[in-house]
Amino acid sequence: MAASKEKHAKQSCVIPGGFTVLCLKFKSDSPTHHQLIVKEHRVRAEKSTQRPLNRTLFVLNIPPYCSQNVLKELFSRFGPVQSVELCEKPGASESTEPKLSKYFTPAEKEGFKVGYVVFKNASSVTAAASHPHDEPLIVCTEERPVRTGVQKWIHQYTHSFIPPDQLQEAVDSFMNDYDKRKEEEEERQKREAEEQAEDEEGWIKVTKGAKGAKARPHSEAANQRTLQKESKKKRRKELLNFYSWQHKNTQKQHIAELRKKFEEDKQKIALLRAQRKFRPY
Amino acid sequence: MKRKNSPLPEDLENEMEESGSSQDEGEEEVEKDRETEEENGKKRKRSKKTVTPVDSEDGVLRPIKLTRGELYRPPTVEELNQLKEAESLFHCSLLKMQMEELLKEVALSERRKKLVDSFVLQITDVLHSVPHSPVVELTDLSWLTDVQVPFLLVPKAVKGKFHMEPPASVTLVGSYPLGTCIKPRVTVDLAVTIPSAILHPMDAINQRYPRKRALYLAGLAQHLLSSPAVGTLRFSCLHGNRLRPLLLVTPPGKDSSSVTLRIHAIPPPDFLKPSRFHPQKNNIRKEWFTGMEEPEKETSETPTPHYNSTVLGDHLPQAHLQFLSAVRDQCPAFKDGVALLKVWLRQRELDQGTGCFSGFLASMLLAYLLSTHRVGKSMNAYQLLRNALHFLASTDLTENGITLAKDPDSKAPSVAEFQAAFQVVFVDPSGHLNMCADMTACTYKQIQHEASLSLQFWDDPTLNGFQALLMTPKPLIRTYDNIFQLSGLVNLQASCKKLKLLGELMDHSGNYVVTVLPFLLSLLQRGLGERICLLTHSLPPDPEWPVDSEPPKHKDQAPLSFGLLLTPEHAHSVLERGPPADSPQAAEFRQLWGSRSELRRFQDGAITEAVLWSGVTACQRRLVPLQIITHLLQLHADIPESCVRFIGGEVDDVIRVGREAPSTGEEESLKVVQCYDDLSRKLWQLEDLPLSVTAVQGAHPALRYTQVFPPVPLKLDYSFFGREKTSRALVPQQGKPCPVYITPIKVICHVEGSGKWPHDKQAIRHIKAAFHIRLAELLSSQHKYTCKASPTHLDVWKDGVAFRIQVAYHREPQVLRESVTAEGMLIHRDNPEARALELETQHRTHLTSTLHGLQQQYPCFGAVCRLAKRWLAAQLFSADIGQDAADILVASLFLQPAPYTPPSSPQVGLLRFLFLLSSFDWKNNPLVVNLGNKLTAADYTEIKNNFAASRDSLPIMFIATPNDSKVSMWTREAPSVQMLQRIVMVAAESLRVLEAQLMDPSQTQDVRVAFRPPLDMYDVLIHLNSKQVPLIGKAVDRPRATFYQGIKEGTVASSGGALPVIDYDPVKQYLTELRDAFGELALFFYDPYGGSVIAVLWKPKAFEPKPFKTSLINARSVKVTDAEVSTVPNIEAILEDFCIIGEGLVKKVEPRTEKWVV
């Protein structure tokens, strides 16, 4: 693959590891540029439908001002883009939790990001990976201005207002959903409990059951409490200062403590002396 | 990229660790002689080796480990005794060892003693070879060629003859032969007896003897000048008494700083009869002193007790030495006891100058205690010091003088007679001399105050008594709440006239400063009354001058400083209520206050004399003592206002708010708190909520009076803003300057727990949002407040102030911590999310209410917090020491003031805050702040043990409070070791500059110097467009041109109106984005109160090339060398990003490329 690009008229910059370096400028007249590093997305284990193999481009080092939309437009020069996903770190997408409404999704960090661009056609991926290095991608153009700085913050502030009814609606729909899930869960537990109950002939059906399916999970705190109770009981049964050797031991212990304290103090003093902490002025 | 010169941050860590040792080496060189006591040195080395070879290297305490054998071996009797003594006599062996170490530090080394002895021998030889000179008139000074007489010859004419002759004897007197001489400033007293041929029995009269003494010293100086054994020769005088000049001699060459020889000239022992110097006798004739013939001769001349004691004092040094030597021989710990007492006095600046409590007095005091059996002969130094302080604290020498004379002869004056002539009385063994003749009553009161204060904290097991007692210096400026200085001392001559003090002036031989001082003090004491609990003054320092120049005049000395210790409840009241108009005291009151006194009728119907001072705001009222002082001094002592320099309100400027009356935010804070109280009441009373409100708590500095610039009620100009489409709320407009910043004041609203709450974190969030919506509906329908609900909080616009209400459910942190393992076990694991929530809803609210209580107890707590935080912010440290941590630090100044008293003025509070930051040993000690007095001594020990056991995993700045004894939650994230190191450095420097500025009358007052950060250490400066900095008006150096921020004058409506722009600060947004994007590469520093520069510091390790990794590529560029791919930060692009991200806000990015290269 690298060899084929060597023949390209305008050379693309490929580095070991199969990554291609693209040049990204904020404006066409910007004096400096960032390096977008792209590669075809290829992971053995991934089964995600969101990132289909051979149509997904893996993009690194995306500056904070490139939003999903900007990125979509930038890469549409290589072919129609189906979707763009941005995350903070490379890795599997982690949307296992129930979908939250936009008001409740936590704000993302505005740092450099990693992107997965899914093209409609597989050929776009190769086109992007062989894009010449000296033709920069431009983020902010006349027809597609990107808001940054004060403009952006005013925009953000203006759009931070949520109409109460919409918010209420989002809350209600989530709670309905939650209640439904809760009910289902209860139903399931009830069913399992029924299954474990005795049948008419006194037999209990023992099943493995799903993980964490028990009605009430035993907790760590409860475990500890039992342990503590036991050790307390043990201690109560012990006799103190009963035998003469025990008495002697207590005395010995006292002297040992004094000694230890003395040594500690000596150490403190030595340390302070080393730091010249005893010169009053 | 590399750094050009060795930069700060990367070496800081090493520096911090090495600082101990490298500093040591430097000092070792300077003070070679200090450490030459071989024996001592060896012992030290040995102890280091045996105890802990590790800890002295890295300077950190480690838990000690002893083997079983060491711990449980059978004890010897000796060891048992030693351990027992340490346990019973001292708190612990630590204090004993500390005292021993201190004594070792101040004791003179053998080498130094040898040097002194040989030098004394040399000088004695030279002195004995003084040539005879012809007899001349006393006024004829022509025989003195190279030196001036160390005496102010006023009046000039005096009868008598003088000639030089070798001294009758030269002997050592004072502390050196006694063995109580300590470092630093080693002075050895050498008494030179004037031969009796020079003196005449009538010389005691009219300063003839003191002048002969001065001439004799001048003669000795002239002779010594030619000797090669002499380094420098200067004149001085004993405790500032101009009648007792001294000749200071130092050895030549490099030893010059190791010892100073003070040569006293004394008369032969039996030269004059002590009975002639009875305090009621006169020895200076008015006729001679004024130079005027008085027509009718007065029958009796005024007594001259001070002059008498001066002359008499010269007769006795040898007798005193004998007496003290006898005492020393009886009591083995006498020397060490005196040494400790001297250190104690020196730390309190009481041991030098006119009217001081000198080391000689300290020895005499211990001798007195021994002779009266108040201390035993076998006591150790620690007990001697303790008993001495106890005696000082409990005995008032201004009322009941004490005497050392066992059986005084019949002619000796009685203590009552001494008491009548002097303010403080301590009679020497001969029974004729009052050793405290020059001491003012105020100075003694100060000693008493210090002694009782020391005893108070000595026994307190919760603090480091040793540190506070003997190691912490207490300079005037840091000790007293208010200071004022009298400059232009020449004006005091006029005061002498005004107060009719001719007799006293004669007694003090023309020293008008010393003459008038007691009268000024008693005047001020009367005038300030119960406003102050202590009035003290600086002791005028002993002048020193070269032998070939005239002695300095009285007016040339440094300005007199007075310190006031205020009583917080009375100090700043504007009303001075006097006696009823018809009572006999009324005349006295009128006499004291002059024209300011007027008759007033009070609400209770009484008509009394009263004085009303001006002052509306707390900031103005703090200047009431100044008004009183200037008024009284002008009225009674003719001292013009221009001579009085009051140091008490200079730094207030940097936290000044208020548009009409100058204020430092007390009134504004109070208003905010009242407004909050109203809101919380209304929240409580809301009905129709699904669950009831159980508590409303503030979680914002403004609600505990410590917000640097408390929110001020605002009225907004709607035309300045844009409007949001649906809610019609105000929004900032593009192209206009940034609107005024409105701080949202955080209020936590706890809602009752109930089974209805879901047990799921997302569900709880949604329920809380529903609560916010409901609260908003109710508040706007029932009270007409404008509200804005959002999922995380609810903003309420009320009385021109914005509150941000957040609903809290007390079990939420627990829910956040819960998780279920694969085995189905329910476990609790701490996580940042839960911690942050707990901090916000539980700890911060608790802290807020605790500190609110502290403010009620100490009225200036809030102001000190605000000043301290202003300083931190101005020095760009506000991100490192947060608001809460700073408030707790300040609280510790009030709760644990030893060795001071709790500060009663913002300024002294700031100074002590800086001192705490810079002097506390953060590495080895936890700072325990006993908020609400909930910790016991046992808790302290536990905290310390925990701290020592897990030092490495704890934050470098460890602050423990009753609620938080293990983790130091407020300083968990910051500061880092390096930043703390820098904070300590800057604090020390600021303290130095600030104190110098405040104390030095000649410098132009600019205390803001301490609030301007040094910017030269930073790598990039981002200059901001001041129009987009909302708090620019609060900057340390306020800009001349301000711009319109959408505020109108006028009364503020209590409810309704459009929702203003709340919490919109472009700079804050910018900083968050910068830290998000480049936090791994650089640190960003900013002054949130109107700073117009963001300082950037590259992290030292960020610029090393790293191998290519997909997880480490942000903002970097790739470099290919051979088959290796490495990445380095794309510095040019980053600098451009600074501009892009801050479009419209950033004016200029200034890379300081002189410090680094790409």
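Predicted, not measured: the structure shown is a model, and the values here were computed from it.

**Comments concerning the side chain of Thr848(B)**
All names here are of chain B.
Working step 1: For Thr-848, the position within the fold is in helix α29 (residues 832-857).
Working step 2: A relative accessible area of 3% places Thr-848 in the buried class.
Working step 3: In this structure Thr-848 touches Gly-698, Ala-699, His-700, Leu-703 and Arg-704, once residues within four positions along its chain are discounted.

**Some thoughts on the packing of helix α30 (residues 861-874) of chain B against helix α32 (residues 906-919) of chain B**
Residue and element names in this part refer to chain B.
Working step 1: Packing of α30 against α32 brings their axes to within 8 Å, and their N-to-C directions diverge by 50°. One way to sum up the angle between α30 and α32 is to call them oblique. The way α30 lies across α32 gives a crossing that is right-handed. Contacts between α30 and α32 pair Ala-863, Val-864, Leu-867, Ala-868, Trp-871 and Leu-872 from the former with Pro-906, Gln-907, Gly-909, Leu-910, Phe-913, Leu-914 and Leu-917 from the latter.

**Some points on helix α11 (residues 305-315) of chain B**
Residue and element names in this part refer to chain B.
Working step 1: By the criterion of burial, α11 is predominantly enclosed, with eleven of the eleven residues buried.
Working step 2: Every buried residue belonging to α11 is among Pro-305, His-306, Tyr-307, Asn-308, Ser-309, Thr-310, Val-311, Leu-312, Gly-313, Asp-314 and His-315, and all of these are buried.
Working step 3: Against α9 (208-225), β8 (260-266), α12 (317-330), α16 (415-421) and α21 (502-507) lie the buried residues of α11.

**What about unusual backbone geometry?**
When glycine is set aside, most residues are seen to have a negative phi, and most peptide bonds are trans.
Residue and element names in this part refer to chain B.
Working step 1: With an omega of -15°, the peptide bond between Lys-183 and Pro-184 qualifies as cis.
Working step 2: With an omega of 0°, the peptide bond between Ala-974 and Pro-975 qualifies as cis.
Working step 3: Phi is positive for Glu-349, close to 55°, though the residue is something other than glycine.
Working step 4: Along the chain, Glu-349 turns up in the loop between α13 (334-347) and α14 (359-371).
Working step 5: For Glu-349, a relative accessible area of 45% gives the class partly exposed.
Working step 6: Backbone geometry at Asp-799 places phi at a positive 50°, although glycine is not the residue there.
Working step 7: Residue placement: Asp-799 occurs in the loop between β25 (794-798) and β26 (801-808).
Working step 8: Taking the relative accessible area as the measure of exposure, Asp-799 reaches 23% and is therefore partly exposed.

**Topic: the packing of aromatic side chains**
Working step 1: For the structure on display, the rule yields 34 aromatic pairs over all chains.
Working step 2: Here Phe720(B) and Phe721(B) contribute two aromatic rings whose centre-to-centre distance is 5.3 Å and whose plane-to-plane angle is 85°, an arrangement assigned as edge-to-face. Residue Phe720(B) shares its accessibility class with Phe721(B), and that shared class is buried.
Working step 3: Sitting over the face of the ring of Phe161(A), Lys788(B) holds its NZ or CZ atom 4.4 Å from the ring centroid.

**A few points about the state of the cysteines**
Disulfide: a covalent bond connecting the sulfur atoms of a pair of cysteines.
Residues and elements named next belong to chain B.
Working step 1: This structure, assessed with the given rule, holds zero disulfides over all chains.
Working step 2: Summary of cysteine pairing: Cys-436 is not part of a disulfide, and the nearest cysteine sulfur, belonging to Cys-356, is at 9.6 Å.
Working step 3: Among the residues examined, Cys-436 registers a relative accessible area of 2% and is labelled buried.
Working step 4: Between Cys-533, a free cysteine, and Cys-442, which holds the nearest cysteine sulfur, the sulfur-to-sulfur gap is 12 Å.
Working step 5: What makes Cys-533 partly exposed here is its relative accessible area of 47%.

What counts, and at which threshold
- Residues numbered from 1 in each chain as written.
- Chains lettered and ligands numbered in written order.
- Predicted model: local features only at pLDDT ≥ 70, side-chain atom pairs only at ≥ 80, totals over all residues.
- Heavy atoms only, no water.
- Helix = DSSP H or I, 4+ residues; strand = E, 2+ residues; numbered from the N terminus.
- Buried < 20%, exposed > 50% of the residue type's maximum accessible area, 1.4 Å probe, protein only.
- Contact = heavy atoms within 4.5 Å.
- Axes fitted to C-alpha atoms, helices over the stretch in contact; angles between N-to-C directions.
- Parallel < 35°, antiparallel > 145°, perpendicular 65-115°, else oblique.
- Left-handed = near helix turned anticlockwise from the far one by under 90°.
- Phe/Tyr/Trp six-rings, centres within 6.5 Å; stacked < 30°, edge-to-face > 60°.
- Lys NZ or Arg CZ within 6 Å of the ring centre and 35° of its normal.
- Disulfide = S-S within 2.5 Å.

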